[in-house]
Amino acid sequence: MSNIVKSSNLGYPRLGEHREWKKLLEAYWRGEIDDQKFHETAKSLRLNNLKKQRAFGLDIIPVADNSDYDHVLDTIAAFNLIPTRFGSYDRPLTLSEYYAVARGNKENVAADMTKWFNINYHYTVPEFDNTKPRLLDNRWLRYWQEAKEELNINGKPVILGPVTLIKLGKLNGEYVSSSEDINRLLDQILPLYGHVFQELQEAGVQWVQLDEPSLVKIDDDSAIAPYQRVTAYLHEIAPKLNVELQTYFDSIDTYQAVVDLQVQAIGLDFVHGNGENLKSVQQYGFPENKILAAGIVDGHNIWTANLQEKLDLAKTLQSLAPNLWLQPSNSLLHVPITKKYETAASAALFGGLAFADEKLQELVTLTNALNGNQDIDVFEDNKRALKALKDSEARNNVDVQAAIKNLSKQQFERQSQYAIRSKKQDDILNLPLLPTTTIGSFPQTTVVRAKRAAWRKKEISDLEYQDFVKAETKRWIELQEKLGLDVLVHGEFERTDMVEYFGQKLAGFFATQNGWVQSYGSRGVRPPVIYGDVDYLEPITVAESTFAQAQTDKPVKGMITAPLTIVNWSFVRDDVPRATVQNQIALALRQEVINLERAGIKIIQVDEPALREGLPLKKRHWQDYLNEAVYSFKITTTGVQDETQIHTHMCYSDFEDIIDTISNLDADVISIETSRSHGEIIAAFENAKYDKQIGLGVYDIHSPRIPTTNEIEENIRRGLKVIDAKQFWVNPDCGLKTRTEEQTVDALRHLKAARDVVLAELSLSIII
């Protein structure tokens, strides 16, 4: 092996600089293009991404990191791990069959979907019940051949490792965890990986990236056995194929066992994990016959790296592992593509930003420097940019910093215990048993988006845009009243995103112009950039909430996003602790909650959908994280009177481990996304005594499929087995912004009808 350092990437963003990939998927779903046009356009996008990476001077370029929806779904489809309700196949899936699994169809609910480790990306959950694994498509070979034939790029196919694939999946409704189940599924799946690897070897592939991020979650050497089995088998069956075993998002506790695995390179994250990977390399060394693929540039934040610090780190690693690659800490899928369109950023902020393209350029610069070709001008420019950001006015708000220091002198609790204030709320709200509501947003139709775009381009005036938003709000208040819902929402037509919107209204945030990141499928989000001290400037949601409330006698919820979710779904400054940023946001939002109450809003929903997903990957760090979450939530919500009902909402959550934390939030009502996981979360409440009110989502809003009344009835009845009817709310899983108006109205009509049926059953049982 040569001691020349090489630059490598782990994965490139899919969306396209102008979201071309998103638009392609949605055009296909609308029936505007056929399969041939889809594949032609997708190929063009793939090749352009490869050309860019080559132009940057990258040595090792990933292939097969592209997807038509999600890389886990791609693996499911390739190995015929398709849920049996969609059928079983002996050929590659067509596009329509593939998207049926992802999005559902008239006959079948979509495959389960949840968050990818602890970041805001959603993956398709494998369902191993009754599947008959077989290799339908060696997509990794196809895309390697395409890059080789079209661009003469000998790429590095990226494949999700079999152990992580299994652990991400479910068997009989539960995530796979036992050694027995893992090994039994490996018996079925590992030979398929072997076939893929053999074909890659025969084709002349030099390197394959085997992603096993689940390695960062194990803390005992005894749990390394399935990874040993996998790597030994693949080495035996394809001995000439070099394997880079890739981990990311945290450190490796079982370091010595991992570096002994039968692979030719080990990918470790040197950005996250509190420096533990570096300590392990320093303490135990690194095998001389392997390559250390060092993730030294942050792959899921957007700050310019301190090149001198990174170079010093790389030199340290090179002294310990002479065979070295420099990489991002993880796939660049989780950051925007390029900062060149951020023309609204200040000079100081622009200089401090690094999106995917800039990160690759940083890696090439660092690689060249280690190889004796350091560009002094680039390093000096980097030093000046970092200093300008540090000295900027936004990062030196003395009032905010003083308020944070004063937090220790304050207590943040509601005036009365839940039992007392809930009676006061009941008297004011006078809601029926099993009250119905929605989570917040209503469809962001093409008309809504077009109006917003025209307003941003100054093609219509502020007044015209405000009148449009008011008209939509009024129309949807009327629709909700006709549907018979009990607690209404204003629809959030003024908001592009539940986090970005608040970032546009608070000091210390920057709303990017083109900083799109994939969340799931074609869904892109623009996480705001928190670059300075966060401060409250003026009321954010009060005008819209009070206008909506004036249209109806029914209660309308005020809707804001909670501090932890804003932090988890933003790009957060990295020069102060995240908890400090979280509490700055909480202090700002506390004033917004008080202002909503003063304006006459009786129900205020403070959404915390990212609470569970953001849990650290290692349980030893959970309690600090949860304590910080509760603290910031209470800062936000405890300034109101007993009579004001506080709601919150959470997504994609396995709550068994954090029921106490949910209760400690002290929200009066919590709604939880449950239907896509087929109600399994309800088991979390079978043994827990939850004393507040709760809505277990009764239908999946991520699928265009309209649930039947009977399905919703069954979901309500299932929830009532573990939640008392006096505590139970009936609501969809999440906000409805991604659905059409027709889908939304029909589904809510079924929801209301189902509630009425179950309510009648309850009334009859009481009479009997």
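Worth saying up front: this structure is predicted, and the values here are computed from it rather than measured. (Residues numbered from 1 in each chain as written. Predicted model: local features only at pLDDT ≥ 70, side-chain atom pairs only at ≥ 80, totals over all residues. Heavy atoms only, no water.)

Engineer: Is there a simple way to think about the overall build of the chain in this case?
Structural biologist: Along its length, the chain carries 26 helices and 23 strands. Taken over C-alpha atoms, the radius of gyration comes to 26 Å for the chain, in line with the 27 Å a tight globule of 768 residues would show. Counted over contacts in the chain with a minimum sequence separation of 6, partners at least 24 positions apart contribute 80%. In the form shown here, the chain has an accessible surface area of approximately 29900 Å², with 47% of it arising from carbon and sulfur atoms. Averaging the locations of the 86 positively and 107 negatively charged side chains of the chain gives two centres separated by 2 Å. (Helix = DSSP H or I, 4+ residues; strand = E, 2+ residues; numbered from the N terminus. Rg over C-alpha atoms; globule rule 2.2 N^0.38 Å. Contact = heavy atoms within 4.5 Å. Areas by Shrake-Rupley, 256 points an atom, 1.4 Å probe, with all protein chains shown as cover. Lys, Arg positive; Asp, Glu negative; His and termini not counted. Charge placed at Lys NZ, Arg CZ, Asp CG, Glu CD.)

Engineer: Help me understand the packing of aromatic side chains, please; the structure alone is not making it clear to me.
Structural biologist: Pairs of aromatic rings are described using the distance from one ring centre to the other and the angle between the two planes. Within the structure shown, the criterion is met by 19 aromatic pairs. Ring centres 5.9 Å apart and planes at 80 degrees place the aromatic pair Phe 412 and Tyr 631 in the edge-to-face group. On the criterion of sequence distance, the pair formed by Phe 412 in the loop between α15 (398-405) and α16 (418-429) and Tyr 631 in helix α23 (residues 622-637) is long-range, its members being 219 residues apart. What links up through ring pairs into an aromatic cluster is the set Tyr 28, Trp 29, Phe 38, Tyr 69, Tyr 98 and Tyr 99. Positioned above the aromatic ring of Trp 140, the side-chain terminus of Arg 139 is 5.9 Å from the ring centre. In this structure, Lys 692 packs its charged tip against the face of Tyr 690, placed 5.8 Å from the ring centre. (Phe/Tyr/Trp six-rings, centres within 6.5 Å; stacked < 30°, edge-to-face > 60°. Lys NZ or Arg CZ within 6 Å of the ring centre and 35° of its normal.)

Engineer: It is not clear to me how empty space enclosed by the protein should be interpreted in this structure. Could you clarify?
Structural biologist: Regions of empty space are outlined by a rolling probe, equal in size to a water molecule, passed over the atoms. This structure, assessed with the given rule, holds six cavities of 30 Å³ or more. Of the pockets and cavities examined, the largest cavity occupies roughly 530 Å³. Around the largest cavity, the lining comprises 35 residues; the ones closest to its centre are Met 498, Arg 523, Trp 569, Cys 734 and Lys 737. Considering every element that reaches the lining of the largest cavity, the biggest residue donor is strand β17 (residues 557-561), with three residues. Arg 14, Asp 65, His 71, Val 158 and Asp 211 are, among the 22 residues lining the second largest cavity, the residues nearest its centre. Among the elements of the structure, α3 (71-78), α5 (139-151), β5 (156-160) and β8 (207-211) are those that each provide at least two residues to the lining of the second largest cavity. (1 Å grid on protein atoms, 1.4 Å probe; cavity = no way out; pocket = protein on both sides within 12 Å on 5 of 7 lines; lining within 4 Å. Points joined across faces, edges and corners; volume = space filled by probe spheres on them.)

Engineer: Sorry if this is basic, but what is going on with unusual backbone geometry here?
Structural biologist: For residues besides glycine, phi is generally negative; the peptide bonds are generally trans as well. The phi torsion at Asn 80 lies on the positive side, around 55 degrees, for a residue other than glycine. Relative to the helices and strands, Asn 80 resides in the loop between α3 and α4 (95-103).

Engineer: Explanation requested: the packing of helix α11 (residues 307-320) against helix α14 (residues 376-390) in the structure shown.
Structural biologist: When two helices pack together, their arrangement is captured by the angle between the axes and the distance separating the axes. The contact between α11 and α14 brings their axes to 9 Å, and the two run at 120 degrees. Between α11 and α14, the crossing angle belongs to the class labelled oblique. Where α11 approaches α14, its residues Leu 307, Gln 308 and Leu 311 are matched on the opposing element by Val 378, Phe 379 and Asn 382. Each residue belonging to the contact of α11 with α14 can be placed in one class, and the counts come to four nonpolar, two polar and no charged. (Axes fitted to C-alpha atoms, helices over the stretch in contact; angles between N-to-C directions. Parallel < 35°, antiparallel > 145°, perpendicular 65-115°, else oblique. Nonpolar A, V, L, I, M, F, W, Y, C, P; charged D, E, K, R; others polar.)

Engineer: I'm lost on the packing of helix α10 (residues 276-284) against α11 in this one. Help?
Structural biologist: Two numbers describe how α10 lies on α11: the axes approach to 10 Å, and their chain directions differ by 30 degrees. In the crossing of α10 with α11, the sense of the turn from one axis to the other is left-handed. Across the interface between the two elements, Leu 278, Val 281 and Gln 282 of α10 pack against Leu 313, Thr 316, Leu 317 and Leu 320 of α11. Looking at the contact of α10 with α11 residue by residue, the class counts come to five nonpolar, two polar and no charged. (Left-handed = near helix turned anticlockwise from the far one by under 90°.)

Engineer: Mind showing me how you'd approach the sheet that holds strand β11 (residues 291-297) here?
Structural biologist: Strand pairing in a sheet relies on backbone hydrogen bonds. The paired strands run either parallel or antiparallel. Taken in spatial order, the eight strands of this open sheet run β1-β12-β11-β10-β9-β8-β5-β2, and their pairing is parallel. The strands lining the two open edges of the sheet, one partner per strand, are β1 (6-7) and β2 (62-63). Both β1 and strand β12 (residues 324-328) contribute to a ladder of two bridges, which runs parallel. The residue bridging Lys 6 from the neighbouring strand is Trp 325, located in β12. (Pairing = 2+ DSSP bridges.)

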